[in-house]
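# Observations on chain architecture
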Amino acid sequence: MKKIQKGIIKNIEKIALDTFALEISSSVLEAHSGQFISILCPPKTLRRPFSIKGFKDGVIEVFFKLKGEGTNYIKSLKIGDSVDFMGPLGQGFKIQNKKSLLVGAGIGIAPMLFLKDELNKKGVENFLITGFKAQDEAIEGSDKTVIGGSVIDFLPEIIEKFKPEVIYSCGPEIVLKLVSKVAQDYNLEAQIAMEKVFACQVGVCRGCVIKILKDGKVQNATICHDGPVFDAKAVVWE
Ligand SMILES: Cc1cc2nc3c(=O)[nH]c(=O)nc-3n(C[C@H](O)[C@H](O)[C@H](O)COP(=O)(O)OP(=O)(O)OC[C@H]3O[C@@H](n4cnc5c(N)ncnc54)[C@H](O)[C@@H]3O)c2cc1C
Ligand code: FES
């Protein structure tokens, strides 16, 4: 079982419609893009997972969008309040020294911004395209921002101009499915960060199982523990 941590809210601020950036000071030593933390949101007993957007000197940053009771609880926290979380959890993106195209949709921009930072630090050329439903939901930091349309429509042109060797993506399942298809069409490797409603967060309850192809066989994998990042070619879409 992963250790439960206590953190202190360092900052919480609105960054877009119903969307907030949260910084937690912690004793965490290492975190990578694609990993997540799970925050306890009393009176809910099931923790709520959030992708890590940034990490520096023990400070973990996440973006959260208001949904229900859990995210409204987090919004009510004040600077200096204590927060109970687990993590960093899960397997993050495997960074390679390859020209990288990053595709985010909505709040899926969070791990893409972290990945962009990590790639920049390693000097890996990258391009981030992100899509939002409306201007007031848009979050800054991308090389191209699409409002109201689909990021997928822009991928062929970007691929032909930028010539990436690998694609990374995070967003709703439909976007990940289409990104996987584009990657296949262009014979490009792709890593995608999947999402499902989590219960235990650590691979025990099997509530977040998906089918993946491994060693030529279809097998079960948990998004929370074996993922959330998977090789797009391995995912068996249902
Ligand atoms: C690996 C992972 C990373 C995530 N990263 C982010 C992030 O960076 N920022 C962000 O805003 N959200 C993220 N989410 C989604 C976030 O966990 C849910 O929005 C949150 O748990 C909703 O909690 P709530 O109590 O406010 O809403 P609830 O009242 O519990 O639910 C409101 C709606 O959200 C859905 N939901 C509830 N729990 C989850 C869940 N665990 N995963 C997906 N949908 C859920 C419900 O089906 C319902 O439709 C991530 C989810 C996963 C699995
Ligand atoms: S949430 Fe329990 S196995 Fe993934």
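For the structure itself, look to the data block above.
Okay, so let's go over this structure. (Residues numbered from 1 in each chain as written. Chains lettered and ligands numbered in written order. Predicted model: local features only at pLDDT ≥ 70, side-chain atom pairs only at ≥ 80, totals over all residues. Heavy atoms only, no water.)

### A word on the nonpolar core
Grouped together as the largest cluster of nonpolar side chains are 35 residues, with contacts concentrated most on Leu 101, Val 103, Ile 129, Leu 155, Ile 167, Met 194 and Phe 230. For this core, the leading source of residues is helix α4 (residues 173-185), giving five residues. Looking at this core, you find at least three residues from each of domain 1 (4-89) and domain 2 (100-236). Setting aside its immediate chain neighbours within four residues, Phe 230 contacts Ala 190, Gln 191, Ile 192, Met 194, Ile 210, Ile 212, Ala 221, Thr 222, Ile 223 and Val 235. With 22 residues, the next largest nonpolar core counts Phe 55, Ile 60, Val 62 and Phe 114 among its residues. (Core = buried A, V, L, I, M, F, W, Y, C linked by side-chain atoms within 4.5 Å. Buried < 20%, exposed > 50% of the residue type's maximum accessible area, 1.4 Å probe, protein only. Helix = DSSP H or I, 4+ residues; strand = E, 2+ residues; numbered from the N terminus. Domains from an automatic or database assignment. Contact = heavy atoms within 4.5 Å.)

### A look at the side chain of Thr 19
As for its placement among the helices and strands, Thr 19 is situated in strand β2 (residues 19-25). According to the relative accessible area criterion, Thr 19 is buried, its value standing at 1%. Discounting residues that sit within four places of it in the chain, Thr 19 has contacts with Glu 13, Lys 14, Phe 64, Lys 65, Ile 107 and Ile 139.

### Details of the environment of Leu 102
Inspection of the secondary structure puts Leu 102 in strand β7 (residues 100-105). Overall, the relative accessible area of 0% leaves Leu 102 in the buried class. Residues Leu 102 and Glu 238, spaced 136 residues apart in sequence, show a C-alpha to C-alpha distance of 24 Å. When near neighbours in sequence (up to four residues on either side) are disregarded, Leu 102 contacts Met 112, Leu 115, Lys 116, Leu 119, Asn 126, Phe 127, Leu 128, Ile 129 and Tyr 168.

### Considerations on the sheet that holds strand β12 (residues 209-214)
Spatial strand order, β13-β12-β15: three strands in an open sheet with antiparallel pairing. Every interior strand has two partners, whereas the edge strands, β13 (217-222) and β15 (235-236), have only one. Relative to β15, β12 runs antiparallel, the two sharing two bridges. Paired with Ile 212 across the two strands is Val 235, which belongs to β15. (Pairing = 2+ DSSP bridges.)

### What about the site of ligand 1?
In the vicinity of ligand 1 lie 17 residues, with Pro 49, Lys 65, Gly 68, Gly 70 and Thr 71 positioned nearest. Between ligand 1 and the protein, one listed contact pairs a nitrogen atom with a backbone N or O atom of Ser 51 at 3.1 Å. Considering ligand 1 on its own, with 840 Å² of exposed area, one finds that the protein chains cover 78% of that surface. Here ligand 1 is seated within the largest pocket. Of all the secondary structure elements, the ones that give two or more residues to the shell around ligand 1 are β4 (48-56), β5 (59-65) and α1 (69-76). Of all the elements, β4 adds the most residues to the shell around ligand 1, at four residues. Broken down by class, the residue content of the shell around ligand 1 amounts to seven nonpolar, four polar and six charged. The residues that make up the shell around ligand 1 include at least three from each of domain 1 (4-89) and domain 2 (100-236). (Near = heavy atom within 4 Å. Polar contact = N/O pair within 3.5 Å; in protein donor to acceptor, adjacent residues only side chain to side chain. Areas by Shrake-Rupley, 256 points an atom, 1.4 Å probe, with all protein chains shown as cover. 1 Å grid on protein atoms, 1.4 Å probe; cavity = no way out; pocket = protein on both sides within 12 Å on 5 of 7 lines; lining within 4 Å. Sits in = over half its atoms within 2 Å of the grid points. Nonpolar A, V, L, I, M, F, W, Y, C, P; charged D, E, K, R; others polar.)

### A look at the pattern of salt bridges
The full count for this structure, using the stated rule, is ten salt bridges. Among the salt bridges present, the one from Arg 47 reaches Asp 84, with a minimum N-O distance of 2.7 Å. A residue pair is termed long-range when its members are at least 10 positions apart, and Arg 47 in the loop between β3 (36-39) and β4 and Asp 84 in strand β6 (residues 82-89) qualify at 37 residues. The class for Asp 84 is buried, based on a relative accessible area of 15%. Residues Asp 143 and Lys 116 are paired through a salt bridge, measuring 2.8 Å at the closest nitrogen-oxygen approach. Taken together, the residues span a long stretch of sequence, with Asp 143 in the loop between β8 (126-132) and β9 (144-147) and Lys 116 in helix α2 (residues 109-121) at a distance of 27 residues. Where salt bridges share partners, they join Lys 6, Arg 47 and Asp 84 into one cluster. (Salt bridge = Lys/Arg side-chain N within 4 Å of Asp/Glu carboxyl O.)

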